[in-house]
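So the chains spell out like this:
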Amino acid sequence: MPSLDLHADPVDLTAALVDIFSVSEEEKVIADTVQAALEAQAPHLEVIRNGDAVLARTNLGRPSRVMLAGHLDTVPVNENLPVRREGTGDDEILHGLGTVDMKSGDAVFLHLAAALREPRHDITFVFYDCEEIEATKNGLGRIERELPEWLQADLAILGEPSNGGIEGGCQGTMRIEIRVEGVRAHTARGWMGVNAIHGLAEPLRRLAEYAPRVVDIDGLTYREGLQATKIGGGVAGNVVPDEAVLTINHRFAPDRSAEQAEAHLREVFAGYDVKVVDLSPGALPGLSAPAAAELVAAAGGKAVAKLGWTDVARFAALGIPAVNFGPGDPTLAHTRQENVRAGEIRQVAAVLREFLS
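Everything quoted here is computed from the prediction, not taken from an experiment.

A. Expanded view of the nonpolar core. If you look at the biggest cluster of nonpolar residues, it comprises 61 residues, and the most contacted ones within it are Val34, Leu38, Phe125, Ile157, Leu295 and Leu352. Top element by residues in this core is helix 9 (residues 342-356). It accounts for 8 residues. Split by domain, this core shows at least three residues from each of two domains, domain 1 (10-170 + 283-356) and domain 2 (172-280). Setting aside residues no more than four positions away along its own chain, Val34 makes contact with Leu4, Leu17, Val54, Leu72, Leu110 and Phe127. If you look at the next biggest cluster of nonpolar residues, it comprises 21 residues, including Ile143, Leu151, Cys170 and Ala283.

In structure tokens, the structure reads:
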């Protein structure tokens, strides 16, 4: 089993974590390694295992509790292992799978788990599995069902990449299908049929003319979106198609509930058969909560809206204010070119150390 030095520079700890293979559903080795390191090097923490998730916490009786959460899994390898390091000092660049999403965030949290023995907030650390695959397998959902008391906090910080800045809340996401029926016929006698693909012209026109909302929440600007992502239909090159399906993705601001977002889409596409095929509610930023406001101040007083969906929504559903705060550029996540700058890893660690100390 690999070993980790939790007292090392979090940059070196990032490199060590990246070199531990942990594609989704194959996290046992990294979970074993993290658990062993915490038990040996952070004796002040209560440490438990749940599946391939590792949880640890202080029990100091502080008046508030902060949760630091990060997933241990990665997407499949794409010729980007082992880690490759270039440069020196804060300008050093770490290349490799998971450097951005999100082993640099995990490294910061693990370093703090060993270093902070007398934090001013009680802290819960959650290193979980299966974030990169279908939501039903996400380790946070299993922990919520089996160990709900471990997901109680006044603030949750998810170490997802955020360019080293605070990202508040997240957008909701909904995917719908619009299905149009027609009548099949030979194209030589097209007037005898009804072309279902042609029937999508009106929904596509509504999409093209749609003006998405721009919403301000807690001083953060959320931009909504409505985009066609897939279109399907057709039988053969000489057949008028009798069915066509248009798939649309809606990203909605967190001031709308899932029910309100669905009602909005049914209004936009009134007269058509709308089927919701995927849905994840958003999360309000909650930056007015005392612990969240303190964190924003420690990070320089600035925060931006999260344009995308992350597991902060799970914490928001539990009534916990939650933010994304981690090293790395989120646009590099899941790409072969994943890389993170050493200085950004150290900067995130320094901000959290100041906030928690």
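B. Focus on the pairing of strand 11 (residues 214-217). In strand 11, alternate side chains face the same way, and those of Val215 and Ile217 are buried while those of Val214 and Asp216 on the opposite face are not. Alignment of strand 11 against strand 12 (residues 220-223), held across 4 bridges, turns out to be antiparallel. Bridging from a neighbouring strand, Asp216 pairs with Thr221 of strand 12. Remark: 2 residues form the turn of the hairpin made by strand 11 and strand 12, two consecutive strands paired antiparallel; Asp218 in that turn has positive phi of roughly 55 degrees.

C. The arrangement of the side chain of Glu167 in detail. Along the chain, the position of Glu167 falls in strand 8 (residues 166-168). Looking at Glu167, its side chain comes within polar contact range of the side chain of Lys306, at 3.3 Å. Each residue touching Glu167, except ones within four places of it in the same chain, is listed here: Pro161, Ser162, Val304, Lys306, Val323 and Asn324.

D. Region of interest: the sheet that holds strand 5 (residues 93-95). Read across the sheet, 3 strands follow the order 4-5-19 without closing on themselves; strand pairing throughout is antiparallel. Looking at which strands have only one partner, the edges of the open sheet turn out to be strand 4 (84-86) and strand 19 (339-341). On average, each strand axis in the sheet is inclined to that of its neighbour by 20 degrees, with strand direction left out of account. Bridge analysis of strand 5 against strand 19 gives 3 bridges, and the strand direction is antiparallel. Bridge pairing links Leu94 to Val340 in strand 19.

E. Spotlight on the packing of aromatic side chains. The full count for this structure, using the stated rule, is 1 aromatic pair. Judged by centre distance (6.5 Å) and plane angle (5 degrees), the ring pair of Phe125 and Phe127 falls under stacked. Relative accessible area serves as the criterion here: at 2%, Phe125 is assigned to the buried category. A cation sits over an aromatic face here: Arg57 above Trp150, 3.8 Å from the ring centre.

F. Up close: the UniProt feature "domain: Peptidase M20 dimerisation" (unreviewed entry) in the protein. Mapped onto the present numbering, the UniProt feature "domain: Peptidase M20 dimerisation" (unreviewed entry) falls on residues 172-270. For residues 172-270, the helix share is 20%, the strand share is 41%, and the end-to-end C-alpha distance is 22 Å.

G. Representation of the domain arrangement of the protein within the structure. One can read the domain layout of the protein as domain 1 (10-170 + 283-356) and domain 2 (172-280). Centre-to-centre separation of domain 1 and domain 2, based on C-alpha positions: 36 Å. Joining domain 1 to domain 2, the criterion identifies 0 salt bridges. Where domain 1 packs against domain 2, one counts 2 residue pairs in polar contact (both at pLDDT 80 or more). Its residues placed into classes, the side of domain 1 that touches domain 2 shows 10 nonpolar, 5 polar and 1 charged.

H. Just the pattern of salt bridges, in detail. For the structure on display, the rule yields 30 salt bridges. A salt bridge links Lys306 to Glu167, with the shortest nitrogen-to-oxygen separation between them at 3.3 Å. Taken together, the positions of Lys306 in the loop between strand 17 (303-305) and helix 8 (312-317) and Glu167 in strand 8 put the pair 139 residues apart, joining distant regions of the chain. With respect to class, Lys306 is no different from Glu167; both count as buried. We note a salt bridge from Glu209 to Arg205, for which the minimum N-O separation is 2.7 Å. Here the residue Glu209 and the residue Arg205 both occupy positions in helix 5 (residues 201-209), the gap between them amounting to 4 residues, near one helical turn. Classification of Glu209 as exposed rests on a relative accessible area of 55%. With a relative accessible area of 37%, Arg205 lands in the partly exposed category. Each of Lys28, Asp32, Arg49 and Asp52 takes part in salt bridges that share partners, so that together they form one network.

I. Representation of the sheet that holds strand 16 (residues 273-280). A sheet is described by the order of its strands in space; here 4 strands give the open sequence 13-15-9-16, paired in antiparallel fashion. Each edge of the open sheet is held by one strand with a lone partner, namely strand 13 (225-233) and strand 16. With strand direction ignored, the average angle separating the axes of adjacent strands in the sheet is 20 degrees. The sheet contact formed by strand 9 (residues 172-181) and strand 15 (residues 243-252) spans 10 bridges and is antiparallel. In the sheet register, Arg179 faces strand 15, and the bridge partner there is Val245.

The rules behind these values
- Residues numbered from 1 in each chain as written.
- Predicted model: local features only at pLDDT ≥ 70, side-chain atom pairs only at ≥ 80, totals over all residues.
- Heavy atoms only, no water.
- Core = buried A, V, L, I, M, F, W, Y, C linked by side-chain atoms within 4.5 Å.
- Buried < 20%, exposed > 50% of the residue type's maximum accessible area, 1.4 Å probe, protein only.
- Helix = DSSP H or I, 4+ residues; strand = E, 2+ residues; numbered from the N terminus.
- Domains from an automatic or database assignment.
- Contact = heavy atoms within 4.5 Å.
- Pairing = 2+ DSSP bridges.
- Polar contact = N/O pair within 3.5 Å; in protein donor to acceptor, adjacent residues only side chain to side chain.
- Axes fitted to C-alpha atoms, helices over the stretch in contact; angles between N-to-C directions.
- Phe/Tyr/Trp six-rings, centres within 6.5 Å; stacked < 30°, edge-to-face > 60°.
- Lys NZ or Arg CZ within 6 Å of the ring centre and 35° of its normal.
- UniProt positions renumbered as here; feature names shortened; annotations may be inferred.
- Salt bridge = Lys/Arg side-chain N within 4 Å of Asp/Glu carboxyl O.
- Nonpolar A, V, L, I, M, F, W, Y, C, P; charged D, E, K, R; others polar.

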